[in-house]
Amino acid sequence: MYARVKFLHINMNSFQALAIYVMVALVPTSAVLDRGMLYPRSSESRSLFNLDGMWNFRVDASPSRNDSFDKKWYLQPLDKTGSVIPMPVPSSYNDITQDKSIRDFVGWAWYDRQFYTPATWNSQRIVLRFGSAHYYTIVWVNYQEVMRHDGGHLPFEAEVNSYLYFDRVNRVTVAVNNTLTSTTLPPGSITYKADPNMYPPGYFVQDLQMDFFNYAGIHRHVTLYSTPRVYVDDITIVTDIFKENGIVNYTIKTGGPSDQISLKVEVVDKDEKVVASSTKNQSSLIVHNARYWWPYTMNPKMPGYMYTLRVTLVSVNGTDVYRQPFGIRTVRVLGSKLLINQDPFYCLGVNKHEDFDIRGKGLDYALIAKDFNLMKWLGANCFRTSHYPYAEELMDQADQQGIVVIDESPGVGIGKISKAATKYYKLGKLKCSKRSMENVYFQECQKHQPNKRRIKEQVKNRKKKVKKKMKSEFFKRDENFGNVSLAHHLEVMEELVRRDKNRPSVIIWSVANEPATNKPIAEPYFKTVLNHVRSLDLSRPVTFVCNQNFNNDVAIPYVDIILVNRYYGWYSDTGHTELIQRQLEYDFRQWHQKYAKPMILSEYGADTVPGIHRDPSFVFSEEYQVEFLQEYHQALDTMRRDFVVGEMVWNFADFMTAQGITRVLGNRKGIFTRDRQPKMSAHVLRSRYLNIANNTHYSNFEGTLYFVP
Ligand code: GCB
């Protein structure tokens, strides 16, 4: 981590200035992330063994949803516990079978498979890594538990040497639970239906606080990989630019026995030329005449230029080589502008989902390639990982193709708080100073939590005010802003930053989508989360995506850039496209007047059934979607040269949601259908994005590069 000094106005030659800049610019601060989560890459010292394929699968549909643990399924091959079916990994399991109870299953789903460990790995460190699994996961190797992980969308791994056999077959068993509760991310709740006349005993439903299908399973690669016993554990790279030079600040962490080690750290360009090097574990390297990483709309000739930091670690235990890709670029918020490499960036954006027929949220290279081609066809230079972190393999494409990413956590729909907890929060607030509320929320304001002893005290002291009902409501802990949720949210943000910190495509961290930041308790909660992310990474702006109003939101003061979702003409004043410009402009100008920060319209869209036409336009028709988008565009055009620095349509493509009477086979706000065919709106957006890209005079943008239809 580094503290930066932005400008240096001293008279000297540029080399002297550069040397001083490097000396003062980067003051290492606390390394909050204690370990790494490097992507598994093969090298001269590392090998990979992919465990994707068909696994055995069965769900625990017992009424208690706990039979599998009572009967210890993890101590035997899964097919000995009952009948299993083949299940592809990676994939969601929901849409693979013809069985509705598997599609809509809530609880523990079990997987297992066998594998052999390469004998040549005997003296190596061996790691088992999951790219992601939804959501709570327990992993056993040869019937011994090796790791647990809470939350989907992010990788987890463990060293498994002591569990493995080299002379016979191994078995990996995985139990994954997709239940969403008030303290998971995303949050949700389980409702038991108690009426015995209407429901069978123990009947429950999973309620969601998000608008997408709760796909589950092992969603990304499962990899066994080897490293030497002493190994490169983590690499953090923060870059800066000074005139035509790039500054590469890096920190390397090593793992394993800390015997004598020597390091060689080299910056290698695309032609395999070493352009800077060092032997220190932490340093600042200068790349003269660097090629900066640019979004492809800002430098179509050389977008997404990636260097490699080649780290060679030599110890008595052997040599480890790891190659970390990175780009040289800066991101800054300056006044009302968002700057990449000191040039204004305007986000011509889309919101996406990881979602496709049959595989659900399972990793799919064909889909990734198609979507990047479509984004380029559209002229989009930016997407948001709404509403959770996307696959590393997808993020690699963003880095390499020069498409900017707003990297979002799975904190979608945080908002549920019981009336009792609100009251309790207010009671607690009386005793908790404002300072402690804001600065040491986590330790000090544990007072606000439904904790038995404290509730007892409160009940005793304020018998009249705190009723019995309130007490029982507390024990349910049915709210999303408690310390359990907060601690988990901080942990998830650490995992996200740990995974994506070296990606040049990632220019903004988004900690949440549409939380209830109109509630007072959201202020200390989001201040804590936003500041925590800042403490992990000073090099990128931090925000959340807001759907509250400029006059009731309590968390926007803590963001660097304001992202607002709006649905004028859809969820309000439905059908009245004539109001959109007035409403959007009024709204945005109020935000700007109040906070003077750059803004992005992070969602706007209208459900559209392809093939439905109405003239004059009518909701759900393709004409309505076009007219609706065009009204937004006119309003955006009055503000985009001023303080609006981006627009992101909702959504790139239609996607699946839970069954409900407002969704006809999913959310239809895509400008592409779910199978990636354009609606009329896609052509309109394409024309707009290409025109803006062509006509924006970025300092690095040369001439007309796109065909405008
Ligand atoms: C939103 C949400 C998104 C929904 C969308 C909609 O504000 O952020 O998850 O899918 O609206 O279509 O309602």
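This one's a predicted model, so the numbers in the text were calculated from it and none came from an experiment. (Residues numbered from 1 in each chain as written. Predicted model: local features only at pLDDT ≥ 70, side-chain atom pairs only at ≥ 80, totals over all residues. Heavy atoms only, no water.)

Here the focus is the overall build of the protein chain. Per the secondary structure count, the protein chain includes 15 helices and 34 strands. The buried share among the 709 residues of the protein chain stands at 60%. Taking contacts inside the protein chain between residues at least 6 apart in sequence as the whole, the part at least 24 apart equals 73%. About 28,900 Å² of surface is accessible on the protein chain, with carbon and sulfur atoms providing 52% of the total. (Helix = DSSP H or I, 4+ residues; strand = E, 2+ residues; numbered from the N terminus. Buried < 20%, exposed > 50% of the residue type's maximum accessible area, 1.4 Å probe, protein only. Contact = heavy atoms within 4.5 Å. Areas by Shrake-Rupley, 256 points an atom, 1.4 Å probe, with all protein chains shown as cover.)

This part takes up the packing of aromatic side chains. What describes a pair of aromatic rings is the distance from one ring centre to the other and the angle between the planes of the rings. One pass over the full model with this rule turns up 37 aromatic pairs. With 6.2 Å between their ring centres and 75° between their planes, Phe550 and Tyr586 make a pair best called edge-to-face. Of this pair, Phe550 sits in the loop between β31 (542–546) and β32 (562–565) while Tyr586 sits in helix α13 (residues 580–595); the two residues are 36 residues apart in sequence, bridging distant segments of the chain. Centroid distance Trp570 to Tyr624: 6.2 Å. Interplanar angle 50°. Geometry classified as tilted. Of this pair, Trp570 sits in the loop between β32 and α13 while Tyr624 sits in helix α14 (residues 622–639), and the two are 54 residues apart along the sequence. Note on Trp570: relative accessible area 8%, which makes it buried. Feature note: the residues Phe69, Trp73, Tyr74, Trp108, Trp110, Tyr136 and Trp140 constitute an aromatic cluster, connected by ring pairs. In this arrangement the basic side chain of Arg168 is found over the ring face of Tyr165, its NZ or CZ atom lying 3.8 Å from the centre. Here Lys376 stacks its cationic end above the ring of Tyr296, 5.1 Å away from the centre of that ring. (Phe/Tyr/Trp six-rings, centres within 6.5 Å; stacked < 30°, edge-to-face > 60°. Lys NZ or Arg CZ within 6 Å of the ring centre and 35° of its normal.)

With that out of the way, let us pick up the sheet that holds strand β16 (residues 222–227). Sheet strands pair by backbone hydrogen bonding; their relative direction is either parallel or antiparallel. The sheet built from four strands is open, its strands ordered β3-β16-β7-β11 with antiparallel pairing. The open sheet has two edge strands, β3 (47–50) and β11 (156–159), and neither has a second partner. Adjacent strand axes in the sheet meet at a mean angle of 20°, parallel and antiparallel pairs treated alike. Of the pairings in the sheet, the one linking β3 to β16 comprises four bridges and is antiparallel in character. For Asn50, the partnering residue across the bridge sits in β16 and is Thr223. (Pairing = 2+ DSSP bridges. Axes fitted to C-alpha atoms, helices over the stretch in contact; angles between N-to-C directions.)

Overall, the predicted model of the protein chain reaches an average pLDDT of 89, with 85% of residues at or above 70. Predicted confidence for residues 697–709 stays below pLDDT 50, and this span has 36 contacts to residues more than four positions away or in other chains. (pLDDT = per-residue confidence, 0-100.)

Near the ligand, the surroundings consist of 13 residues, among which Asp211, His387, Glu514, Tyr571 and Lys669 are the closest. Taking Asp211, its side chain carries an N or O atom lying 2.5 Å from an oxygen atom of the ligand. Residue His387 places a side-chain N or O atom 2.7 Å away from an oxygen atom belonging to the ligand. Coverage of the ligand by the protein amounts to 92% of the 320 Å² it exposes when considered alone. Looking at the shell around the ligand, its residues break down into four nonpolar, four polar and five charged. (Near = heavy atom within 4 Å. Polar contact = N/O pair within 3.5 Å; in protein donor to acceptor, adjacent residues only side chain to side chain. Nonpolar A, V, L, I, M, F, W, Y, C, P; charged D, E, K, R; others polar.)

In this section: the packing of α14 against helix α15 (residues 680–695). When two helices pack together, their arrangement is given by the angle between the helix axes and by the axis-to-axis distance. The N-to-C vectors of α14 and α15 enclose an angle of 20°; their axes lie 8 Å apart at closest approach. Our classification of the angle between α14 and α15 gives roughly parallel. Along this stretch, α14 crosses α15, giving a crossing that reads as right-handed. Residues Glu622, Glu623, Gln625, Val626, Leu629, Gln630, His633, Leu636 and Asp637 of α14 lie in contact with α15, whose contacting residues are Met680, Ser681, Val684, Leu685 and Arg688. A per-class count over the contact of α14 with α15 returns six nonpolar, four polar and four charged. (Parallel < 35°, antiparallel > 145°, perpendicular 65-115°, else oblique. Left-handed = near helix turned anticlockwise from the far one by under 90°.)

So, about the nonpolar core. Judged by nonpolar contacts, the single largest core of 94 residues is most densely connected at Phe383, Val511 and Phe526. Apart from the residues within four sequence positions on either side, Phe526 is in contact with Ile414, Phe481, His489, Val511, Ala512, Pro515, Thr517 and Ala555. The next biggest cluster of nonpolar side chains, apart from the first, holds 46 residues, and it includes Tyr292, Trp294, Ile406 and Leu563. (Core = buried A, V, L, I, M, F, W, Y, C linked by side-chain atoms within 4.5 Å.)

A surface patch of nonpolar side chains, amounting to about 310 Å² of accessible area, comprises Met198, Tyr199 and Tyr203. Mapped onto the secondary structure, Tyr199 falls in the loop between β13 (188–192) and β14 (204–208). Of the residues examined, Tyr199 reaches a relative accessible area of 30% and is grouped as partly exposed. (Patch = residues over 30% accessible without salt bridge, like charges linked within 9 Å, V, L, I, M, F, W, Y side chains within 5 Å. Salt bridge = Lys/Arg side-chain N within 4 Å of Asp/Glu carboxyl O.)

Our next topic: the pattern of salt bridges. Within this structure, the stated rule accounts for 38 salt bridges. Between Asp112 and Arg171 there is a salt bridge, and its shortest N-O distance comes to 2.8 Å. Within this pair, whereas Asp112 is found in strand β6 (residues 108–115), its partner Arg171 is found in strand β12 (residues 170–177), the two being separated by 59 residues in sequence. Assessed through its relative accessible area of 10%, Arg171 is described here as buried. Residue Arg674 pairs with Asp355 through a salt bridge whose shortest N-O separation is 2.7 Å. Linking Arg674 in the loop between β34 (644–649) and α15 with Asp355 in the loop between β27 (347–351) and α4 (365–378), this pair joins segments that are 319 residues apart in sequence. Note on accessibility: Arg674 and Asp355 belong to one class, buried. What emerges from the salt-bridge pattern is a single network uniting Asp396, Asp399, Arg499, Asp500 and Arg503.

This next bit is on the side chain of Glu622. Mapped onto the secondary structure, Glu622 falls in helix α14. Once residues lying within four places of it in the same chain are set aside, the contact partners of Glu622 are Thr608, Val609, Pro610, Gly611, Ile612, His613, Lys679 and Met680.

Looking now at α4. Compared with an ideal rise of 1.5 Å per residue, which puts 14 residues at 20 Å, α4 spans 20 Å between its outermost C-alpha atoms and is within 8% of the ideal. For α4, the secondary structure elements touched by its buried residues are β27, β28 (382–384), α5 (392–401) and α15. At the N-terminal boundary of α4, the capping side chain belongs to Asp364, with an oxygen 3.0 Å from the backbone nitrogen of Ala366. Just downstream of α4 lies Gly379, where phi reads positive at about 85°. (Expected span 1.5 Å × (residues − 1).)

Taken in spatial order, the three strands make up an open sheet running β24-β25-β26, and their pairing is antiparallel. Each edge of the sheet is formed by a strand with only one pairing partner; in this case those strands are β24 (331–334) and β26 (343–344). By the bridge criterion, four bridges tie β24 to strand β25 (residues 337–340) in an arrangement that is antiparallel. In the strand pairing of β25, Val333 is matched with Leu338.

One way to put it is that α4 packs onto α5 with a least axis distance of 10 Å and a crossing angle of 30°. When you trace α4 past α5, the crossing you get is right-handed. Each of Tyr365, Ile368, Phe372 and Lys376 in α4 lies in contact with α5, whose residues at this interface are Glu393, Leu394, Gln397, Ala398 and Gln401. Class assignment of the residues belonging to the contact of α4 with α5 gives a composition of five nonpolar, two polar and two charged.

On to the pairing of β12. The buried fraction of β12 amounts to eight of the eight residues, a majority that puts the element mostly inside the structure. The alternating pattern of β12 places Asn170, Val172, Val174 and Val176 on one face and Arg171, Thr173, Ala175 and Asn177 on the opposite face, and all of these are buried. Strand direction decides the pairing type here: β6 and β12, joined by eight bridges, are antiparallel. Considered in β12, the bridge of Ala109 is made with Val176. Where strand β9 (residues 136–141) meets β12, six bridges bridge the pair, whose relative direction is antiparallel. Bridge pairing in β12 links Tyr136 to Asn177.

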